[in-house]
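Report on the structure
As a plain string of letters, each chain reads:
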Amino acid sequence: AERTRDQVELPPPALDNRLTVHSLWPEINRISSEQIQAAFEEVGGGIGWQLFAEEGDMRMYRREMEVDGMVMDPLKAMHKVRGVSAREMCHYFFNPRYRYEWETTLETMTIVEEISSDALVFHQTFKRIWPASQRDALFWSHVRASDDNTYAVTNHSTSNTDYPPNTGACIRLFVTVCLACRSSWPAGAAPTRDNITTSIAYCSTVNPGGWAPAGVLRAVYKREYPKFLKRFTGYVVDQCRGKPLAI
Ligand code: 18C
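A brief report on the enclosed structure follows. (Residues numbered from 1 in each chain as written. Predicted model: local features only at pLDDT ≥ 70, side-chain atom pairs only at ≥ 80, totals over all residues. Heavy atoms only, no water.)

1. Structural notes on the overall build of the protein
- When helices and strands are counted, the protein shows six helices and twelve strands.
- Computed over its C-alpha atoms, the radius of gyration of the protein comes to 18 Å, within 12% of the 18 Å expected for a compact globule of 247 residues.
- Dimensions of the protein, computed from C-alpha atoms along their principal axes, come out at roughly 55 × 40 × 30 Å.
- For the protein, buried positions account for 50% of its 247 residues.
- Computed over 28 positive and 29 negative side-chain charges, the separation of the two mean positions in the protein equals 4 Å. (Helix = DSSP H or I, 4+ residues; strand = E, 2+ residues; numbered from the N terminus. Rg over C-alpha atoms; globule rule 2.2 N^0.38 Å. Buried < 20%, exposed > 50% of the residue type's maximum accessible area, 1.4 Å probe, protein only. Lys, Arg positive; Asp, Glu negative; His and termini not counted. Charge placed at Lys NZ, Arg CZ, Asp CG, Glu CD.)

Take a look at the structure:
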(Lines give C-alpha, C1' and ligand atoms only; values in the text may rest on other atoms or scores of the structure.)
Protein backbone atom coordinates (compact mmCIF):
# COMPACT_ATOMS: atom_id res chain seq x y z
CA ALA A 1 0.00 0.00 0.00
CA GLU A 2 2.87 2.33 0.90
CA ARG A 3 4.42 1.75 -2.51
CA THR A 4 1.15 2.48 -4.30
CA ARG A 5 0.82 5.81 -2.50
CA ASP A 6 4.36 6.76 -3.48
CA GLN A 7 3.75 5.86 -7.12
CA VAL A 8 0.62 7.97 -7.24
CA GLU A 9 2.44 10.98 -5.82
CA LEU A 10 5.41 10.84 -8.16
CA PRO A 11 5.77 14.00 -10.26
CA PRO A 12 3.26 13.74 -13.13
CA PRO A 13 4.75 13.23 -16.62
CA ALA A 14 2.51 16.02 -18.00
CA LEU A 15 1.29 19.35 -16.57
CA ASP A 16 -1.71 19.22 -14.23
CA ASN A 17 -4.68 21.12 -15.76
CA ARG A 18 -5.45 22.75 -12.41
CA LEU A 19 -2.12 24.55 -12.61
CA THR A 20 -2.58 25.94 -16.11
CA VAL A 21 -5.83 27.73 -15.13
CA HIS A 22 -4.39 29.26 -11.92
CA SER A 23 -3.55 32.99 -11.74
CA LEU A 24 0.11 32.21 -10.97
CA TRP A 25 0.49 30.00 -14.06
CA PRO A 26 2.02 32.58 -16.47
CA GLU A 27 4.70 33.47 -13.90
CA ILE A 28 5.32 29.87 -12.85
CA ASN A 29 5.65 28.77 -16.47
CA ARG A 30 7.98 31.61 -17.50
CA ILE A 31 10.33 31.39 -14.52
CA SER A 32 10.45 27.59 -14.55
CA SER A 33 11.33 27.51 -18.27
CA GLU A 34 14.07 30.13 -17.82
CA GLN A 35 15.51 28.40 -14.77
CA ILE A 36 15.55 24.93 -16.31
CA GLN A 37 17.27 26.18 -19.45
CA ALA A 38 19.90 28.12 -17.46
CA ALA A 39 20.50 25.18 -15.10
CA PHE A 40 21.90 22.99 -17.85
CA GLU A 41 24.21 25.69 -19.27
CA GLU A 42 27.83 25.00 -18.43
CA VAL A 43 29.68 27.40 -16.15
CA GLY A 44 33.00 26.51 -17.76
CA GLY A 45 33.38 29.53 -20.04
CA GLY A 46 31.15 31.81 -17.97
CA ILE A 47 32.63 34.95 -16.46
CA GLY A 48 33.07 35.24 -12.73
CA TRP A 49 32.06 31.74 -11.65
CA GLN A 50 34.47 30.49 -9.04
CA LEU A 51 34.70 26.90 -7.87
CA PHE A 52 34.42 26.82 -4.06
CA ALA A 53 33.62 23.20 -3.23
CA GLU A 54 34.50 19.94 -4.91
CA GLU A 55 33.93 16.41 -3.67
CA GLY A 56 33.66 13.31 -5.86
CA ASP A 57 31.34 14.23 -8.73
CA MET A 58 30.03 17.35 -6.96
CA ARG A 59 31.19 20.81 -8.02
CA MET A 60 29.92 24.09 -6.61
CA TYR A 61 30.44 27.51 -8.14
CA ARG A 62 29.46 30.94 -6.95
CA ARG A 63 29.56 34.42 -8.38
CA GLU A 64 30.16 37.26 -5.96
CA MET A 65 27.36 39.76 -6.23
CA GLU A 66 26.33 42.57 -3.91
CA VAL A 67 23.31 44.82 -4.30
CA ASP A 68 23.24 47.84 -1.96
CA GLY A 69 25.83 46.14 0.23
CA MET A 70 23.79 42.94 0.52
CA VAL A 71 25.36 39.66 -0.53
CA MET A 72 23.33 37.84 -3.17
CA ASP A 73 25.94 35.47 -4.61
CA PRO A 74 24.29 33.18 -7.18
CA LEU A 75 25.18 29.52 -6.70
CA LYS A 76 25.44 26.79 -9.28
CA ALA A 77 26.17 23.18 -8.43
CA MET A 78 26.67 20.09 -10.56
CA HIS A 79 26.53 16.54 -9.34
CA LYS A 80 26.10 12.98 -10.63
CA VAL A 81 24.26 10.32 -8.71
CA ARG A 82 24.05 6.63 -9.58
CA GLY A 83 21.09 4.35 -8.96
CA VAL A 84 18.23 6.87 -8.86
CA SER A 85 16.17 8.60 -11.57
CA ALA A 86 15.55 12.28 -12.25
CA ARG A 87 11.89 11.72 -11.41
CA GLU A 88 12.74 10.19 -8.04
CA MET A 89 15.16 13.03 -7.19
CA CYS A 90 12.49 15.63 -7.94
CA HIS A 91 9.82 13.67 -6.05
CA TYR A 92 11.81 13.87 -2.81
CA PHE A 93 12.74 17.52 -3.34
CA PHE A 94 9.18 18.64 -4.14
CA ASN A 95 7.05 16.54 -1.79
CA PRO A 96 6.69 18.25 1.64
CA ARG A 97 6.29 14.89 3.38
CA TYR A 98 10.05 14.32 3.25
CA ARG A 99 11.33 17.86 3.74
CA TYR A 100 12.16 17.76 7.45
CA GLU A 101 14.16 14.59 6.82
CA TRP A 102 16.77 16.26 4.58
CA GLU A 103 16.38 20.05 5.02
CA THR A 104 18.56 21.00 7.98
CA THR A 105 18.07 24.80 7.83
CA LEU A 106 14.31 24.50 8.39
CA GLU A 107 12.48 25.51 11.54
CA THR A 108 8.86 25.39 10.31
CA MET A 109 7.07 24.60 7.06
CA THR A 110 3.43 25.38 6.22
CA ILE A 111 1.59 24.54 3.01
CA VAL A 112 -0.14 27.81 2.16
CA GLU A 113 -1.88 26.64 -1.00
CA GLU A 114 -2.23 23.40 -2.92
CA ILE A 115 -2.49 24.63 -6.47
CA SER A 116 -2.28 21.23 -8.16
CA SER A 117 -0.43 17.91 -7.98
CA ASP A 118 2.62 19.68 -9.42
CA ALA A 119 2.49 23.09 -7.70
CA LEU A 120 2.34 24.19 -4.06
CA VAL A 121 2.88 27.41 -2.13
CA PHE A 122 4.98 27.18 1.04
CA HIS A 123 5.77 29.37 4.01
CA GLN A 124 9.02 28.37 5.72
CA THR A 125 10.96 29.75 8.64
CA PHE A 126 14.66 29.02 8.97
CA LYS A 127 16.99 28.54 11.88
CA ARG A 128 18.33 31.81 13.18
CA ILE A 129 21.96 32.67 12.60
CA TRP A 130 23.44 34.89 15.26
CA PRO A 131 23.78 37.91 15.14
CA ALA A 132 21.26 38.34 12.30
CA SER A 133 17.46 38.26 12.60
CA GLN A 134 15.59 35.07 11.81
CA ARG A 135 14.42 34.70 8.20
CA ASP A 136 11.27 33.37 6.58
CA ALA A 137 10.26 32.78 2.96
CA LEU A 138 7.03 32.41 1.00
CA PHE A 139 7.44 30.68 -2.33
CA TRP A 140 5.68 28.63 -4.98
CA SER A 141 7.20 25.29 -5.90
CA HIS A 142 6.58 23.58 -9.23
CA VAL A 143 7.75 20.20 -10.49
CA ARG A 144 7.67 19.29 -14.18
CA ALA A 145 8.97 16.90 -16.75
CA SER A 146 10.85 18.78 -19.46
CA ASP A 147 12.99 17.07 -22.10
CA ASP A 148 13.57 13.33 -22.35
CA ASN A 149 14.31 11.79 -18.95
CA THR A 150 14.45 15.25 -17.41
CA TYR A 151 12.53 16.51 -14.40
CA ALA A 152 12.99 19.78 -12.53
CA VAL A 153 11.67 21.59 -9.48
CA THR A 154 11.62 25.39 -9.44
CA ASN A 155 10.97 27.43 -6.28
CA HIS A 156 10.39 31.17 -6.45
CA SER A 157 9.26 33.79 -3.94
CA THR A 158 5.72 35.09 -4.10
CA SER A 159 3.36 37.06 -1.85
CA ASN A 160 0.10 36.31 -0.03
CA THR A 161 -1.96 38.73 2.06
CA ASP A 162 -2.36 36.07 4.80
CA TYR A 163 1.44 35.97 5.16
CA PRO A 164 2.64 39.59 5.12
CA PRO A 165 6.43 40.11 5.26
CA ASN A 166 8.39 41.60 8.18
CA THR A 167 5.57 41.69 10.71
CA GLY A 168 6.77 39.28 13.40
CA ALA A 169 10.27 38.31 14.40
CA CYS A 170 11.29 37.28 10.89
CA ILE A 171 12.76 39.20 7.99
CA ARG A 172 11.41 37.93 4.66
CA LEU A 173 14.08 36.61 2.30
CA PHE A 174 13.64 36.07 -1.43
CA VAL A 175 14.68 32.94 -3.19
CA THR A 176 14.92 31.48 -6.68
CA VAL A 177 15.98 27.85 -6.74
CA CYS A 178 16.03 25.23 -9.48
CA LEU A 179 16.90 21.56 -9.13
CA ALA A 180 17.12 20.12 -12.65
CA CYS A 181 17.86 16.42 -13.15
CA ARG A 182 18.55 14.34 -16.26
CA SER A 183 18.87 10.55 -16.30
CA SER A 184 20.87 8.43 -18.70
CA TRP A 185 21.66 4.72 -19.11
CA PRO A 186 23.51 2.65 -21.71
CA ALA A 187 22.04 2.87 -25.23
CA GLY A 188 19.94 -0.14 -26.15
CA ALA A 189 19.59 -1.29 -22.53
CA ALA A 190 16.57 -0.91 -20.26
CA PRO A 191 17.13 1.43 -17.29
CA THR A 192 17.79 -0.28 -13.94
CA ARG A 193 19.13 0.80 -10.55
CA ASP A 194 22.47 -0.69 -11.59
CA ASN A 195 22.95 1.20 -14.87
CA ILE A 196 21.16 4.54 -14.37
CA THR A 197 23.02 7.81 -13.70
CA THR A 198 21.35 11.13 -12.97
CA SER A 199 23.07 14.45 -13.61
CA ILE A 200 21.97 17.21 -11.31
CA ALA A 201 22.17 20.95 -11.77
CA TYR A 202 21.14 22.99 -8.72
CA CYS A 203 20.96 26.78 -8.97
CA SER A 204 20.08 29.13 -6.15
CA THR A 205 19.95 32.86 -5.54
CA VAL A 206 18.96 34.07 -2.10
CA ASN A 207 18.35 37.75 -1.37
CA PRO A 208 18.64 38.00 2.44
CA GLY A 209 15.95 40.72 2.45
CA GLY A 210 17.61 42.89 5.05
CA TRP A 211 20.88 43.49 6.78
CA ALA A 212 23.10 40.48 7.33
CA PRO A 213 26.86 40.63 7.92
CA ALA A 214 28.57 39.69 4.63
CA GLY A 215 31.29 37.61 6.29
CA VAL A 216 28.84 35.51 8.31
CA LEU A 217 26.58 35.10 5.32
CA ARG A 218 29.35 33.88 2.99
CA ALA A 219 30.58 31.48 5.67
CA VAL A 220 27.07 30.03 6.09
CA TYR A 221 26.71 29.75 2.34
CA LYS A 222 30.01 27.92 1.97
CA ARG A 223 29.14 25.46 4.71
CA GLU A 224 25.42 24.91 4.09
CA TYR A 225 25.19 24.40 0.31
CA PRO A 226 27.63 21.46 0.09
CA LYS A 227 26.05 20.00 3.22
CA PHE A 228 22.59 20.28 1.66
CA LEU A 229 23.48 18.70 -1.70
CA LYS A 230 25.41 15.79 -0.18
CA ARG A 231 22.75 15.12 2.40
CA PHE A 232 19.83 15.41 -0.02
CA THR A 233 21.33 13.14 -2.70
CA GLY A 234 22.38 10.60 -0.07
CA TYR A 235 18.86 10.70 1.39
CA VAL A 236 17.27 9.96 -2.01
CA VAL A 237 19.65 7.05 -2.66
CA ASP A 238 18.74 5.60 0.77
CA GLN A 239 15.00 6.06 0.23
CA CYS A 240 15.07 4.37 -3.17
CA ARG A 241 17.12 1.35 -2.13
CA GLY A 242 15.13 -1.85 -2.69
CA LYS A 243 12.21 -0.04 -4.38
CA PRO A 244 11.40 -0.49 -8.08
CA LEU A 245 12.96 2.21 -10.27
CA ALA A 246 10.46 4.95 -11.24
CA ILE A 247 11.31 6.54 -14.59
O1 18C B 1 16.73 24.45 -1.95
C2 18C B 1 16.74 24.09 -0.79
N3 18C B 1 15.62 23.94 -0.07
C4 18C B 1 14.28 24.13 -0.57
C5 18C B 1 13.29 23.56 0.40
O6 18C B 1 13.40 24.08 1.66
C7 18C B 1 13.95 25.58 -0.86
C8 18C B 1 14.51 26.51 0.15
C9 18C B 1 14.98 27.69 -0.10
C10 18C B 1 15.43 28.62 0.94
C11 18C B 1 16.89 28.77 0.97
C12 18C B 1 17.28 29.82 1.96
C13 18C B 1 17.77 29.24 3.22
C14 18C B 1 18.20 30.30 4.16
C15 18C B 1 18.62 29.67 5.40
C16 18C B 1 19.10 30.65 6.38
C17 18C B 1 19.36 29.99 7.70
C18 18C B 1 20.38 28.90 7.62
C19 18C B 1 20.64 28.35 8.97
C20 18C B 1 21.62 27.25 8.96
C21 18C B 1 22.28 27.09 10.27
C22 18C B 1 22.16 25.71 10.82
O23 18C B 1 14.36 25.88 -2.16
C24 18C B 1 18.06 23.81 -0.08
C25 18C B 1 18.56 25.07 0.51
C26 18C B 1 19.93 24.98 1.09
C27 18C B 1 20.22 26.27 1.80
C28 18C B 1 21.66 26.51 2.02
C29 18C B 1 21.92 27.76 2.81
C30 18C B 1 21.92 29.00 1.98
C31 18C B 1 22.33 30.20 2.75
C32 18C B 1 22.12 31.44 1.94
C33 18C B 1 22.16 32.66 2.75
C34 18C B 1 20.83 32.99 3.38
C35 18C B 1 20.75 34.34 3.95
C36 18C B 1 19.98 34.37 5.23
C37 18C B 1 20.43 35.45 6.12
C38 18C B 1 21.16 34.93 7.32
C39 18C B 1 22.00 35.93 7.97
C40 18C B 1 23.43 35.58 8.22
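2. Quick notes on the pattern of salt bridges
- Scanning all chains against the criterion turns up 15 salt bridges.
- Measuring nitrogen to oxygen at the nearest pair gives 2.7 Å for the salt bridge that ties Asp-73 to Arg-218. Taken as a pair, Asp-73 in the loop between strand E4 (70-71) and strand E5 (75-82) and Arg-218 in helix H6 (residues 214-240) lie far apart in primary sequence, 145 residues in all. Both residues of the pair, Asp-73 and Arg-218, belong to the buried class.
- Several salt bridges share partner residues, and in doing so they unite Glu-64, Glu-66, Asp-73 and Arg-218 into one network. (Salt bridge = Lys/Arg side-chain N within 4 Å of Asp/Glu carboxyl O.)

3. Comments concerning the site of the ligand
- The immediate surroundings of the ligand are formed by 23 residues, with Glu-103, Gln-124, Lys-127, Asn-155 and Tyr-202 found nearest.
- Within the side chain of Glu-103, a nitrogen or oxygen atom sits 2.6 Å from an oxygen atom of the ligand.
- Burial of the ligand by the surrounding chains reaches 95%, relative to a free accessible area of 900 Å².
- Elements that contribute at least two residues to the shell around the ligand include exactly helix H5 (99-102), strand E7 (119-126), strand E11 (174-184), strand E12 (197-207) and H6.
- It is H6 that provides the largest number of residues to the shell around the ligand, a total of five residues. (Near = heavy atom within 4 Å. Polar contact = N/O pair within 3.5 Å; in protein donor to acceptor, adjacent residues only side chain to side chain. Areas by Shrake-Rupley, 256 points an atom, 1.4 Å probe, with all protein chains shown as cover.)

4. A look at the nonpolar core
- In this structure, Met-60, Met-89, Phe-93, Leu-179, Tyr-202, Phe-232 and Val-236 are the most contacted members of the largest nonpolar core, which totals 41 residues.
- Per-element accounting of this core gives the leading share, eight residues, to H6.
- If we skip the residues at most four places from it in the chain, Phe-232 touches Met-89, Tyr-92, Phe-93, Trp-102 and Leu-179.
- If you look at the next biggest cluster of nonpolar residues, it comprises ten residues, including Ile-28, Ile-31, Leu-138 and Trp-140. (Core = buried A, V, L, I, M, F, W, Y, C linked by side-chain atoms within 4.5 Å. Contact = heavy atoms within 4.5 Å.)

Take it as geometry only, folks, not as evidence of what the structure does.
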